[in-house]
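Descriptive analysis of the structure
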Amino acid sequence: MRVAVVGASGYVGSRLVPELLRRGHEVVATHHRSPATAYPWSGDVEWRRVDVQDEQRVLAALEGVDAVCYLVHGLDDDDFMRLDRQAADNVAYAAGVAGASRLVYFSGIVPDLPDGELSDHLLSRLEVEEVLATADCSVLTLRASMVIGAGSTSFEVMRQMSHRLGLVQTVPAWMGGSVIQPVAVADAVWFLAEALERPDVTGHLDVVGPDRLSYVELLRTYAARARLLRLQLPVWLAPVGAVARVAGALVDVPSGTVHSLIPSLGHDMVGRLDAADVLGEPPGGRLGVADAVARSLVTVRAGDGAPDGASVDGDPQAPSVGDPRWARHRSVLSWAGSRAWSAAQAAGQAAVQAAVRSAARG
C-alpha cells in the first residue's frame with residue numbers, strides 16, 4: 001500500500017514512518033519547507049512538498065496514494081482554529097480526488113462536554129475531525145490524550161518543568177483532580193499503522209494506555225522514574241492564563257504551543273472507546289506509564305552515541321536526531337545559564353536604546 005503521511009517530519013509522524021516501512025508499505029512523506037533529512041529513514045521515502053493551506057499543492061501531494069495519515073496540528077498561530085479547518089477541508093477533498101481508500105486522523109480525546117466548555121485546542125481537534133469525516137473514503141479518527149516519549153511536546157513540558165521547578169511542584173487546584181490516560185508513542189504508532197490497514201473500521205476510537213491517573217500521580221510517577229525528590233503543592237489561586245505564562249517561561253517548548261495546551265489540563269482525558277477492543281493489542285501489550293517514562297528518559301541525543309528512536313529498528317520512546325532543538329535534554333545549570341545570558345542581552349539592548357534616546361534628546 002502507498003501511504004501518504006501528512007506531517008511526516010513531526011514527532012508522531014517521524015515514528016510512524018519507520019513502522020510503515022517495517023510493515024512493507026511505500027511511504028510518501030510530506031514536508032512544508034524542506035525534507036527532514038536528519039531522520040534515518042529519509043532516503044527510503046518519497047518526499048513531496050505541501051502547504052496544507054493551498055488546495056492545489058495538497059492535490060499534487062496526495063496524487064496516486066492509497067491511504068492518508070493526517071498528523072498536522074497548528075497551535076503556534078493565533079488563528080490556528082481557522083487554519084486547521086481550512087487545511088482539513090483541503091485534505092478531505094484531495095483524498096477523494098486521489099482515489100484514496102483510507103484516511104486516518106490522529107486527534108485528541110474530547111471530553112463529553114458542551115462545545116462552549118471546551119478549550120480552543122480541543123474544540124479545534126473536534127472540528128478537524130468533523131471536516132475530515134466528509135472525505136469520499138473510509139475515515140477513522142484515533143484520539144489520544146498525552147503521548148509519552150522523548151521529544152513529545154506534552155512529555156517535554158512535564159520533563160522540563162519537573163526538573164526546573166525544584167523541590168516543590170505547584171499544581172493548580174483546577175487540574176489537580178483531573179484524570180488522564182496517557183499512551184506511549186510506541187503504542188500510538190502501532191495503532192495508527194494498524195488503523196491504516198483496517199478500512200472496515202470507521203468513526204473514532206481512543207488510543208490510550210492501561211493506566212488512569214491524576215496529574216499529581218503522573219508527576220509523582222515521572223519524578224520517581226527520573227530519581228527526583230519532588231513534592232506536589234496544591235495552589236488554589238492559579239488562573240489558567242497565569243499558569244500558561246509561567247509554564248511558557250519555564251520550558252523550551254514554544255510558548256504559543258504551551259499557552260494553547262494548558263487550558264485542556266482541567267478536563268478528564270480518558271478513553272471511552274478503547275482502540276484495543278477493536279484493533280487488538282500491540283505485540284507484548286501496551287506500555288504502562290512508569291515503563292513508558294523509563295524508556296523515554298534517555299539523555300544522550302541520537303547521533304551522540306545513542307540509537308535513533310525514529311529508525312526502523314529503534315525504540316520510538318527514545319530521542320531522534322530529527323526532533324526539534326527544544327526537545328533536547330539539557331541540565332538545569334545549562335538552562336539557567338542560557339536564561340541569564342538572554343536576560344543580560346536584553347538588559348544590554350535596553351541600555352543602548354536608552355542611551356540613543358537620551359543622546360537624541362540632548
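We now turn to the structure provided with this report. (Residues numbered from 1 in each chain as written. Predicted model: local features only at pLDDT ≥ 70, side-chain atom pairs only at ≥ 80, totals over all residues. Heavy atoms only, no water.)

This part is about the overall build of the protein chain. Each helix and strand counted, the protein chain has 13 helices and 13 strands in total. In the protein chain, of all internal contacts separated by at least 6 residues, the share reaching a separation of at least 24 is 77%. For the protein chain, the accessible surface area stands at approximately 15900 Å², while carbon and sulfur atoms represent 53% of it. (Helix = DSSP H or I, 4+ residues; strand = E, 2+ residues; numbered from the N terminus. Contact = heavy atoms within 4.5 Å. Areas by Shrake-Rupley, 256 points an atom, 1.4 Å probe, with all protein chains shown as cover.)

To continue, consider helix α8 (residues 215-225). Where α8 is concerned, the buried positions are Tyr215, Val216, Leu218, Leu219, Thr221, Tyr222 and Ala223. One or two steps after α8, the chain reaches Arg227, where phi turns positive at roughly 60°. (Buried < 20%, exposed > 50% of the residue type's maximum accessible area, 1.4 Å probe, protein only.)

Leaving glycine out, the prevailing phi sign among residues is negative, and the prevailing peptide bond configuration is trans. Even without a glycine there, the phi angle at Arg227 is positive, about 60°. When you line up the elements, Arg227 lands in the loop between α8 and β13 (231-235). Assessed through its relative accessible area of 80%, Arg227 is described here as exposed.

Our next topic: the pattern of salt bridges. Scanning all chains against the criterion turns up 18 salt bridges. Here Glu194 ties to Arg23 by a salt bridge, and the two come within 2.9 Å at their closest N and O atoms. Residue Glu194 is found in helix α7 (residues 185-196), and its partner Arg23 is found in the loop between α1 (11-22) and β2 (26-31); the two are separated by 171 residues along the sequence. We classify Glu194 as buried; its relative accessible area is 18%. Arg23 gets classed as partly exposed once you look at its relative accessible area, which sits at 22%. Through salt bridges with shared partners, a single network forms among Glu19, Arg22, Arg23, Glu194 and Glu197. (Salt bridge = Lys/Arg side-chain N within 4 Å of Asp/Glu carboxyl O.)

Within this structure, the stated rule accounts for 5 aromatic pairs. Here the aromatic rings of Trp41 and Trp47 are separated by 5.6 Å at their centres, their planes lie at 25°, and the arrangement is stacked. With respect to burial, Trp41 and Trp47 carry one shared label: buried. Pairing Phe155 with Tyr222 gives two aromatic rings, centres 5.9 Å apart and planes at 70°, and the pair type is edge-to-face. With Phe155 in helix α5 (residues 153-164) and Tyr222 in helix α8, the pair connects residues that are 67 residues apart, well separated along the chain. Both residues of the pair, Phe155 and Tyr222, belong to the buried class. Among the aromatic side chains, those forming a connected cluster through ring pairs are Tyr39, Trp41 and Trp47. (Phe/Tyr/Trp six-rings, centres within 6.5 Å; stacked < 30°, edge-to-face > 60°.)

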